[in-house]
Amino acid sequence: MAVRSLVRELIGANALVAVYAQEDADTFIVTRILALEADSLELDFTGDEARLQDLMRAPFLTLVGVPGSVKIQFRLEDVQLERAARRNPAPSDLGAAGTLTARLPATGWRVQRRNAFRVKPPEEDGATVTFRPSRGGEFKGQLTDLSVGGLAALWPSDAPEPELGSTLRHCRIDARDIAPIPCDLRVVRVDHAEGMPARLSCEFYAMPQTVARFVQLYVMDIEKRARLAANRKG
């Protein structure tokens, strides 16, 4: 019953989940849980045939979801693919598509965090946030951490600080190798340290699900690279 409750939590939040081949950080898909049955669960799958084969060859899959401030993880076994029926598919539409069905896990992990899971972009990403205060102008600051719920960035010392609770509309996240991510930000905290620019903590405001997906993909990419770097050092 506890495991079923965790699955329902992911479904209720319409949360994106990452499904890895075993614990391989380089082989994964991002999808959603479609349904919970008596002894199984179903996930959406749309991807290329090579990715499908890598997943299906693995002895088990690892599912990770982060609904809000909680990280939920399962090990999926007895995974099967049911391909979607297509009429007269185009040549570009011949990849694997359908649903993945797996036996309901016997065990799950739920890790409560004070805030949504946060990552720090590596310096080589050159990640920045472009702010557009209501008073006009445009200011750019270094992105210091990111989560699916919000971000923190350095506020330029030559710009007037926004008020707590104010909303900064039409802002943008930029980094190497990702498309710009538009966002509206609500200021929740301003930290000051001697000799340093102010650090602005913001939550995403009314972010569309399609945009939130790109944020989560970038968060997952940063986390994956951090794990690989830690493994190489180890």
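Residues numbered from 1 in each chain as written. Predicted model: local features only at pLDDT ≥ 70, side-chain atom pairs only at ≥ 80, totals over all residues. Heavy atoms only, no water.

Peer 1: Can you break down the sheet that holds strand 12 (residues 167-174) residue by residue, with the values?
Peer 2: Read once around its circumference, the closed barrel built from six strands follows the order 9-10-11-14-13-12, with strand pairing classed as antiparallel. Ignoring strand direction, the axes of neighbouring strands in this sheet form an average angle of 45 degrees. Looking at chain direction, strand 13 (residues 181-191) and strand 14 (residues 198-204) are connected through six bridges and run antiparallel. Residue Asp-191 lies in a different strand from strand 14, and its bridge partner there is Arg-199. (Pairing = 2+ DSSP bridges. Helix = DSSP H or I, 4+ residues; strand = E, 2+ residues; numbered from the N terminus. Axes fitted to C-alpha atoms, helices over the stretch in contact; angles between N-to-C directions.)

Peer 1: Which residues make up the side chain of Thr-130, and what values do they have?
Peer 2: Mapped onto the elements, Thr-130 comes out in strand 9 (residues 128-131). Classification of Thr-130 by relative accessible area gives buried; the value is 0%. Those residues in contact with Thr-130, other than ones at most four positions away along the chain, are Glu-138, Phe-139, Lys-140, Cys-171, Arg-172 and Asp-174. (Buried < 20%, exposed > 50% of the residue type's maximum accessible area, 1.4 Å probe, protein only. Contact = heavy atoms within 4.5 Å.)

Peer 1: Can you tell me about the layout of surface pockets, naming the residues and giving the values?
Peer 2: If you add up the space inside the largest pocket, you get close to 340 Å³. Lining the largest pocket are 18 residues; nearest its centre among them are Tyr-20, Val-64, Lys-71, Glu-223 and Arg-227. At the level of elements, strand 1 (17-21), strand 5 (61-65), strand 6 (70-83) and helix 3 (209-233) are the ones that each hand at least two residues to the lining of the largest pocket. Broken down by element, the lining of the largest pocket gets its largest block of residues, five residues, from helix 3. Classifying every residue of the lining of the largest pocket gives 11 nonpolar, three polar and four charged. (1 Å grid on protein atoms, 1.4 Å probe; cavity = no way out; pocket = protein on both sides within 12 Å on 5 of 7 lines; lining within 4 Å. Points joined across faces, edges and corners; volume = space filled by probe spheres on them. Nonpolar A, V, L, I, M, F, W, Y, C, P; charged D, E, K, R; others polar.)

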